[in-house]
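# A look at the structure
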Amino acid sequence: MPKPIYDIGQICELDKWETFINGQPFDLFKRLRKEAPIYWHEESLDFEPGFWALTKHEDIVRVSKDPLTFSSAVGGHLMSMGDPEVVDPAAVAAIVGNMIGMDPPDHQIYRKMVAPSFTPKAIKALEVDMRAKIRELLENVEDKGEFNFVTEISEQLPLWVLCEMMGIPESERPKIRDLVNNLTDASIQQDPNNSFQIWVNYMELFKMGRDMIEERRQNPTDDLMSVVANTKIEGGELPPELLDGFFLLMVIAGNETTRNTLTGGLMALTENPEEREKLLKDPSLISNATDEMLRWVTSVIYFRRTATKIPILEVKISKQVIRLLCGTAQQIEMKMSLLTEIYSRWIG
Ligand code: HEM
């Protein structure tokens with residue numbers, strides 16, 4: 001165990017989902033920023049080594065923008081991949097071996113492959129259909145009086161957009177939704193008894209992705225799955241674990257974040273009716289409101305980096321796991337959302 005830099009003892013359990021069950025623990029973040037902004041945290045899982053928890057905005061941004069020192073590829077982007085004795089290597093290879101778990105120069109190759117599907121122009125092209133889908137979802141609940149916003153709206157819309165972009169047919173979408181829900185629930189709970197069920201879910205998801213890739217190789221279209229299926233890197237097709245990883249990343253990363261931002265955004269507007277009124281009176285504020293929702297809700301709890309070389313920050317953190325706590329940003333005065341800044345590390 002490394003020597004803690006700020007010795008304040010074990011004051012929290014950032015590795016347990018229960019710590020986040022009522023939202024981001026802002027009081028705790030405030031204390032950590034003040035007393036131990038680079039905080040050594042023991043792990044409750046005995047097969048994990050512990051990690052440094054970073055809570056200062058400038059440290060998180062600095063680490064995020066220096067992939068050569070703070071790697072996403074070494075150790076991956078998740079704090080734990082589960083007990084190495086029981087996890088399935090195919091699932092691990094796909095989870096680790098996708099774009100989000102890469103460093104330059106590999107990262108840029110994959111980034112370039114998908115970038116055309118995420119340009120403002122490409123997204124704009126979806127607008128008419130997206131508006132129609134939103135109308136349909138709202139009409140479905142119009143007469144209900146009381147309904148579950150998560151299942152009726154915020155779960156449906158991002159999944160629909162994502163599936164449109166990827167070219168996943170309507171008939172497969174409920175299955176994708178169920179598999180993604182199962183996997184995210186299971187990864188939060190970290191219950192070793194669920195390992196087999198998790199494995200089954202991964203395999204089903206990978207099979208869907210592989211079948212689509214095969215189909216797109218025979219009959220290319222203009223969707224994202226066709227791009228991925230037919231991209232050649234150094235003359236060859238993408239290796240199967242990268243194809244699995246891409247499919248997994250898109251359906252999980254694209255779903256949870258947007259779903260939680262929509263839900264948390266609506267909750268924030270409901271709890272702050274004067275802000276809701278402003279938006280209703282002037283819909284041109286929606287772009288600002290979206291940025292503010294991203295900041296306010298902070299739908300990502302953490303990202304991981306592993307330090308590959310010596311010192312950074314003002315101390316020596318070498319070959320250590322680092323946890324970047326995104327929610328801490330919400331409390332700090334700043335020009336843009338921390339998540340937007342982290343994203344921007346990849347651009348330019
Ligand atoms: C509220 C919505 C979202 C938030 C807050 C969010 C947050 C993030 C953050 C912070 C990262 C950087 C991770 C890191 O530095 O390690 C990231 C990466 C990524 N996200 Fe999202 N995301 C959102 C929506 C989406 C959607 C809708 C998709 C897919 C359609 C998506 C796909 C990805 C991908 C592919 C990466 C990896 C990018 C790369 O490595 O260059 N995300 N996301």
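For every chain, the first residue of the written sequence is number 1, and numbering continues from 1 onward in sequence order. Reporting of local features is limited, given that this is a predicted model, to residues whose pLDDT is at least 70; pairs of side-chain atoms are given and counted only at 80 or more, and all residues count toward the totals for whole chains, interfaces and linings.

### Considering the site of the ligand
In plain terms, the rule: Here is the check we use: build the C-beta atom from the backbone, and if it is within 6 Å of the molecule or strand, call the residue near. Each helix corresponds to a stretch of at least 4 residues labelled H or I by DSSP, and each strand to a stretch of at least 2 residues labelled E; elements are numbered beginning at the N terminus. Residue classes follow a fixed rule: Ala, Val, Leu, Ile, Met, Phe, Trp, Tyr, Cys and Pro count as nonpolar, while Asp, Glu, Lys and Arg count as charged, and any other residue, Gly among them, counts as polar. What fixes the domain bounds is an automatic or database domain assignment.
Not every one of the 22 residues close to the ligand is listed here, only the nearest: Ile100, Ala253, Gly254, Thr257 and Thr261. Elements supplying a minimum of two residues to the shell around the ligand: helix H12 (240-271) and helix H15 (338-343). Looking at the shell around the ligand residue by residue, the class counts come to 13 nonpolar, 8 polar and 1 charged. In terms of domain composition, the shell around the ligand takes at least three residues from each of domain 1 (1-69 + 291-348) and domain 2 (84-271).

### A short note on the packing of helix H6 (residues 127-141) against helix H8 (residues 156-166)
Condition: Here, axes are lines fitted to C-alpha atoms. For helices the fit covers the stretch in contact, and angles between N-to-C directions go from 0 to 180 degrees. An angle counts as roughly parallel when it lies under 35 degrees, as roughly antiparallel when it exceeds 145, as roughly perpendicular when it falls between 65 and 115, and as oblique in every other case. Note: crossing handedness is left-handed where the near helix turns anticlockwise from the far helix by less than a right angle, and right-handed where it turns clockwise. C-beta atoms are first placed from the backbone for all residues, and any pair lying within 7 Å is then listed as a contact.
Between H6 and H8, the shortest axis-to-axis distance is 11 Å and the interhelical angle comes to 150°. In terms of their interaxial angle, H6 and H8 are classed as roughly antiparallel. Handedness of the H6/H8 crossing: right-handed. Across the interface between the two elements, Asp129, Met130, Lys133, Ile134 and Leu137 from H6 touch Gln156, Leu157, Trp160, Val161 and Glu164 from H8. Looking at the contact of H6 with H8, its residues break down into 6 nonpolar, 1 polar and 3 charged.

### Let's talk about the pairing of strand S2 (residues 51-54)
Counted only if it meets this: Between the buried cut of 20 or more and the exposed cut of 12 or fewer other C-beta atoms within 10 Å of a residue's own C-beta lies the partly exposed class, and all C-beta atoms are placed from the backbone. Should DSSP find at least two bridges between two strands, the strands are taken to pair.
Judged by which residues are buried, S2 turns out to be covered on both faces: Phe51 and Ala53 on one side and Trp52 and Leu54 on the other are all buried. One ladder, built from 4 bridges, connects strand S1 (residues 38-41) with S2; its direction is antiparallel. Opposite Trp40, over in S2, you have Trp52 as the bridge partner.

### A few points about the confidence of the model for the protein chain
Which entries qualify depends on this criterion: Per-residue confidence from the predictor is given as pLDDT, running between 0 and 100.
Within the protein chain, residue pLDDT values average 83, and 86% of them lie at 70 or more. The secondary structure element of the protein chain with the lowest average pLDDT is H15, at 47, and the one with the highest is H6, at 96. Confidence over residues 332-348 falls short of pLDDT 50; this stretch has 22 contacts with residues more than four positions distant or in other chains.

### A word on the environment of Leu45
Position of Leu45 among the secondary structure elements: in the loop between S1 and S2. Judged by the 14 C-beta atoms lying within 10 Å of it, Leu45 falls in the partly exposed class. Each C-alpha atom, one on Leu45 and one on Gly82, is 8.9 Å from the other, the two residues being 37 residues apart in sequence.

### What about unusual backbone geometry?
Cis geometry is found at the peptide bond from Pro104 to Pro105, where omega equals 5°. As for its position among the elements, Pro105 is in the loop between helix H3 (89-96) and helix H4 (106-114). If you check the backbone angles, Glu234 has positive phi at about 50° while not being a glycine. Looking at the element boundaries, Glu234 is found in the loop between strand S4 (232-233) and strand S5 (236-237). By C-beta crowding, Glu234 is classed as exposed, having 5 other C-beta atoms within 10 Å. In this structure, Thr298 is a non-glycine residue whose phi angle is positive, near 45°. Structurally, Thr298 is set in the loop between helix H14 (286-297) and strand S6 (302-307). Residue class for Thr298 comes out buried when judged on the 22 C-beta atoms lying within 10 Å of it.

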